[in-house]
Each structure stands twice: as C-alpha cells, then as structure tokens.
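Structural overview for review
Okay, here's what each chain looks like letter by letter:
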2 protein chains.
Amino acid sequence: MENKVLIFGHQNPDTDSITSSIVMENLEKKLGNENVKAVRLGNVNKETKFVLNFLGMEEPELIENIEDGQEVILVDHNENTQSISNLSNAKILKVIDHHTMNFVAPYQLYYRAEPVGCTQTVLYKMYKENDVEIDKNIATLMLSAIASDTLVLKSPTTTDEDRKVVKKLEEISGLDINVFGVDMLKAGTDISDYTPEQVINIDSKLFEQANKKFRIAQVNTADLDSIFKKQAYFEQAINDDIEKENLDFYVFAATDIINSNSKIISLGNDAPVVEKAFGVSIDNNTAMLENIVSRKKQMLPPILDSLK
Amino acid sequence: MENKVLIFGHQNPDTDSITSSIVMENLEKKLGNENVKAVRLGNVNKETKFVLNFLGMEEPELIENIEDGQEVILVDHNENTQSISNLSNAKILKVIDHHTMNFVAPYQLYYRAEPVGCTQTVLYKMYKENDVEIDKNIATLMLSAIASDTLVLKSPTTTDEDRKVVKKLEEISGLDINVFGVDMLKAGTDISDYTPEQVINIDSKLFEQANKKFRIAQVNTADLDSIFKKQAYFEQAINDDIEKENLDFYVFAATDIINSNSKIISLGNDAPVVEKAFGVSIDNNTAMLENIVSRKKQMLPPILDSLK
C-alpha cells in the first residue's frame, strides 16, 4: 500500500464511514500531508453508491488486512471489534469519531470525538478550524453522511450542531437535505438483488459487552412488508451467523424510514432480552418497536441495561 | 457541590493538572456554560503554588469523592487509576488530554487529545478555535504548565506545536519561559519541609499494565546529592507504599533539571526490570539514567517493553 497512512471507517461501511474516510483524506492533503489514502473494509452499499455516482467519484480501495506497524487513521469507529481484523498490528495516528468509546493506546495520539449525530459534523469543524475550504463535492459528501446517520435529521441522535452544519452544507452544495437525502435513503433501501446474507450484513455491528457477544444489524426500508415476506430466509442467515460467530443473540432491525418505526427479528439463546429492553412481546421471533430508529441511542442502551 | 460540572486533573496534581482545570473552567464560562467549577484531587505542589502566588489566584477546592451521577470534565488524564477513586460513578462529559489512552465510556462524549507535550497546548487551540480571548492570566497559567511538563522545552516530550504556542504565550504574558519557567521549576524543587512520604507523592503515578502493578514517581531537583543523602528515608517510604498497595515494583526518579539526568531508586520484587529497561546496573538500589527526564516518553515505554 505504498507506505501511505490508511484512513478507514468500520466494517460493513455505511455512508458516514465511506465518505468520512474520503473527506479526512482531503483534509490531510490540504494540510500538506500528501501521504494518506482513504480505503474501505467492506462493500459500498447502495445508499453510498447513490452519493458517489451523483458526484462521479470512485469507491475507495478495499483492504482486508494490514501489515505490522501500518499507520492508520480511524474514522467513524474506535473499537477493535468494529475495525479491521488485525488492527492490533497498526499504529493508530488519529481517531475521528462520534461513538461510545472502548479504546486503548499505549502511545499518544490525536483523538477527536464529539457527542453529535455523524462523524462529518466533527470533520466540518476540523475544516473550519484549519481554514480549509469545503468545496461542493466535500459538502455533498458531508451532507449525505449526516442525512444517512440522522435519517434526514429525524433520528433522536440528531443534535443542534448537526442541524447547524447541515444548513451551511446545503448552502455550499446547493442541495436540499429533504430532497437529496430522502432520494439517497430510498436508493439505499433497494435490496431486490441482495441475498438474505447480504441484507443482514448491510449494516451489522458486533458487540462484546456485559459478558455477551451479539450483533445488532439494521436495514432501512420504505416497505416493511416486502422484507417480512422473506422472514424465513433472514432467520436462516441470522442463525448461520449465530452459530458461526458463537453469538448469544442477534437483533435484526428493519427500520421504516417513512414512518420512523423498526420491526425486529430477535434470535439466539438470549433473544428474549429484547422483551425486557423494549417492553414488547416477541411473536414469531419478531416485534414492532414504535418510534425507534436509532441503534446507538434507542436500541443498544436498553439492551445493555437489560443484560445487567 | 451545587450541582456544578466538576473539572479536575489527575491525583497528585502537577502544574498542568491544576492550571488546566482553571483554564478549562474559564473557557466553558466564556462559551456560556456558567455551571462549571475547577477542583483538585490533591495538594497543590510548590511549583504550582509559585504560579498561583505570582498571579494572586486561589487554589481550586479539594474534593475527595463524588456523588453518583456527578457530571465531570477530565483534564490532563483519562485513566481510572489516575483519577478520583469513585470515577465510575461519574458521567464524564469531556476529556481534554495529551496522554496514552485507556478509556471506556458507554455513551458519547467530547474527547480531545493530541500528541503534544502539555494539555495546555490543546486548550490553547480550543480557545483559538472558539475565538475566546486568552488574557494575561490565562496565558501565564498555560505558559507555566508547558514549562513544567516540558522542563522549559528541554524534555523530548516537547513538540513543535508546544514551541509555537509558547511563543504566542510569551507575547501575551510578557514573560520569558527561560526566566519565569526556570524560577518556577526551582521553586518546585524545594523539599526542605517535606517528609519522605510527601516527596515521593509529589508526582507519583500508578500503572496497572502488562499484568504488573507499579508506580513511577518523579521529583525535580537542582541538587541530586541533597536528595540521596536521605536515601534510606525514601526507601522506607517507598517500601511502605509497595506493601500497602501490593505493588510489584516502584521507581522513584529524581530528575536534575539543570543537567537533564535522572537518578532513580528502584524497589520491589520486580525492581530489576529497570536494568533491562535502561541498560544500567542497579547499585545500592539506585541507578543513574543519563539524558532521561521524561516519565512518559523515556521511562514508561522501556519499562513496559521489558515487562513483555
């Protein structure tokens, strides 16, 4: 990899992970650090493809592992379990993130995280602070990621800072988040040519907390029924993962981006944890979570509470 | 504590920990967050007293523990073992730091660390980014902490960013770091009225790494001989700590701020680790470490390497 510092987001990259690596590469180069390269740890999903196609931009190169001592910059994640499999071989130079933290480094580094809805909101501030111009393409990448992470500013993860940044980005990009963002989200919900395995892995995160190992996967949809027609296939794919990774449970959430609800499939020995977590009854392995759209703010915390 | 957000540095506070809490309180207030209060976890040392006396400023209030759910901002540290004993009860809102990391938070927060010589270098940038004026008193506090952490820019922990910030701070404060900083360091070396227990606790840090529990304490001096005349007393105090805290070893470093060397006392079952770490022979429990002045950059890393 030509000895470049590699910049990447989490596994099963979403729009924030892909675009933040590109936007961070640009920032580093503008600040004179030419020796950096945005890469990715997995397939680019359709939502992100919509954005890259709109801008005529290439996907970052896929990497599968790194060499000992490889210098890296992490964006949109900080935990080992969500990063490249041999991250412990890397020298992490910087982390730009907006997630909960579980991070150890036996050396000093640049770590910048803020309690906002999207990594790009942090990156926007870093551009401003360093007096680096945000051009139309960069603004569009930033706007897309915020629209994605906040479901067009409707998720409870949205902060006033995100909203303020979106206003500025709409001006620079000439795009309306409620038009472009919704088109992008809809493009992301097209799963017609995906296998069930691919669907559950569009945005699946592994957690090892409270002495349990589990995944919460999420897929956006504008049509819940079409997903649950194929419930048996998804259950097969989920159970395969549970066995392969020795998971205690697996929550697959189909999030209705129009009505802001999520319908879940919960499987595994500890699947009933969701009943206590959300005050619902599991029926045929499924439950409807009203007004719940955010994995980070609305799904993970009650599940962790219930595991205590 | 009137429900205020408490801002504090590490135990056995040094000049950076005390002044950074004051400087961060000022920044928060200037940004409209009136509900914050700088406090401290231990006695103010003579070096820091020199600075506060020079400015006619009060010491922050001492706290010994915090209530469940207390909101806090950590400066100049991030690890549990270096913080208030019941930190796990707190809600950490922000961390401003420049150390190695070992940090877990099951919620989002503001985390800002940079690989520089002093927390105040990070705080200086935060003032600039937020367009908050750095007045003469704040500049003097910042300059003092950088002079302290970098031994007047002579320690290998010093970065170009620290040097750049010092130039600006000299302009604002009207002070020359090589005059004011050296006077401050010398004031800090006066241990004439300290008990041996107090001397070893002036700046002692507990580490739990590589399956070992140990302390590295450091004291600055302009006169190594006067310290080692009392070696037997220091050994007694160190051995008491080893027994009380069940330590595997204890390194006490007297750092000669004029000649940039450190003479150490190494005690405990694993005391010989320093021979391998620094390529020296222990003689009468002591060794001279030539050109070694920085615990973080020059003492801890080789010790950790030798423990592997």
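Described in the following lines is the structure provided in the data block. Because the structure is a prediction, the values reported are computed rather than measured.

Let us look at the overall build of chain A. If you tally the helices and strands in chain A, you get 11 helices and 12 strands. Taken over the C-alpha trace, chain A has a radius of gyration of 19 Å; the compact-globule value for 308 residues is 19 Å, and the two agree within 12%. Taken over the C-alpha atoms alone, chain A extends approximately 55 × 45 × 35 Å along its principal axes. Across the 308 residues in chain A, those meeting the buried criterion constitute 60%. Long-range contacts, defined as pairs at least 24 residues apart, comprise 63% of the intrachain contacts of chain A with a sequence gap of at least 6. Here chain A displays about 12,800 Å² of accessible surface, and carbon together with sulfur accounts for 42% of that area. Looking at chain A, you have 32 positive and 49 negative side-chain charges, and the mean spots of the two groups are 3 Å apart.

Mapping chain A onto chain B is achieved by rotating through 180° and translating by 0.0 Å along the same axis, at an RMSD of 0.0 Å. Viewed as a symmetry operation, the transformation between the two copies matches a two-fold axis. Residue Arg112 of chain A, judged by its C-alpha, is the member of chain A lying nearest the rotation axis, at 2.4 Å. Comparing contact sets, 100% of the residues at the interface of chain A also lie at the interface in chain B, consistent with an isologous, same-surface contact.

The subject of this paragraph is the sheet that holds strand E11 (residues 261-267) of chain A. Residue and element names in this part refer to chain A. In space, the five strands of this open sheet follow the order E8-E9-E10-E11-E12, with mixed pairing throughout. Among the strands making up the open sheet, the edge pair consists of strand E8 (204-209) and strand E12 (286-289). Neighbour-to-neighbour, the strand axes of this sheet turn through a mean angle of 20°, independent of strand direction. Note that E8 and strand E9 (residues 212-221) share six bridges and pair antiparallel. Residue pairing for E9: Phe207 is matched across the bridge by Phe214. The strands touched by helix H11 (residues 295-307) within the sheet are E8, E9, strand E10 (249-256) and E11, with E9 carrying the most contacts at an inclination of about 155°.

Residue and element names in this part refer to chain B. Among the structural elements, Leu27 can be located in helix H1 (residues 15-30). Residue classification places Leu27 among the buried positions, given a relative accessible area of 1%. A sequence separation of 10 residues divides Leu27 from Ser17, and the C-alpha atoms of the two residues are 15 Å apart. Ignoring anything within four residues of it in the chain, the contact list for Leu27 reads Met126, Tyr127 and Val132.

Attention shifts here to the packing of helix H2 (residues 46-55) of chain A against helix H4 (residues 136-149) of chain A. All names here are of chain A. Packing of H2 against H4 leaves a shortest axis separation of 11 Å and a crossing angle of 160°. Of the possible angle classes, the one that applies to H2 and H4 is roughly antiparallel. Of the two elements, H2 crosses H4, and the hand of that crossing is right-handed. On H4, the residues touching Glu47, Val51, Leu52, Phe54 and Leu55 of H2 are Asn137, Thr140, Leu141, Ser144 and Ser148. Here the residues of the contact of H2 with H4 are counted per class, giving five nonpolar, four polar and one charged.

Turning our eyes to something else, we now look at the pattern of salt bridges. The final tally for this structure, using the stated rule, is 32 salt bridges over all chains. The partner of Arg295 of chain B in a salt bridge is Asp203 of chain B, with the nearest N and O atoms 2.8 Å apart. In this pair, Arg295 of chain B is assigned in helix H11 (residues 295-307) and Asp203 of chain B in the loop between helix H7 (196-200) and strand E8 (204-209), connecting sequence segments 92 residues apart. Classification of Asp203 of chain B as buried rests on a relative accessible area of 13%. Salt bridges here are not isolated pairs; linked through shared partners, they connect Arg112, Glu114, Lys125, Glu129 and Glu161 of chain A.

Rules of the game
- Residues numbered from 1 in each chain as written.
- Chains lettered and ligands numbered in written order.
- Predicted model: local features only at pLDDT ≥ 70, side-chain atom pairs only at ≥ 80, totals over all residues.
- Heavy atoms only, no water.
- Helix = DSSP H or I, 4+ residues; strand = E, 2+ residues; numbered from the N terminus.
- Rg over C-alpha atoms; globule rule 2.2 N^0.38 Å.
- Buried < 20%, exposed > 50% of the residue type's maximum accessible area, 1.4 Å probe, protein only.
- Contact = heavy atoms within 4.5 Å.
- Areas by Shrake-Rupley, 256 points an atom, 1.4 Å probe, with all protein chains shown as cover.
- Lys, Arg positive; Asp, Glu negative; His and termini not counted.
- Charge placed at Lys NZ, Arg CZ, Asp CG, Glu CD.
- Least-squares fit on C-alpha atoms with pLDDT ≥ 70 in both.
- Pairing = 2+ DSSP bridges.
- Axes fitted to C-alpha atoms, helices over the stretch in contact; angles between N-to-C directions.
- Parallel < 35°, antiparallel > 145°, perpendicular 65-115°, else oblique.
- Left-handed = near helix turned anticlockwise from the far one by under 90°.
- Nonpolar A, V, L, I, M, F, W, Y, C, P; charged D, E, K, R; others polar.
- Salt bridge = Lys/Arg side-chain N within 4 Å of Asp/Glu carboxyl O.

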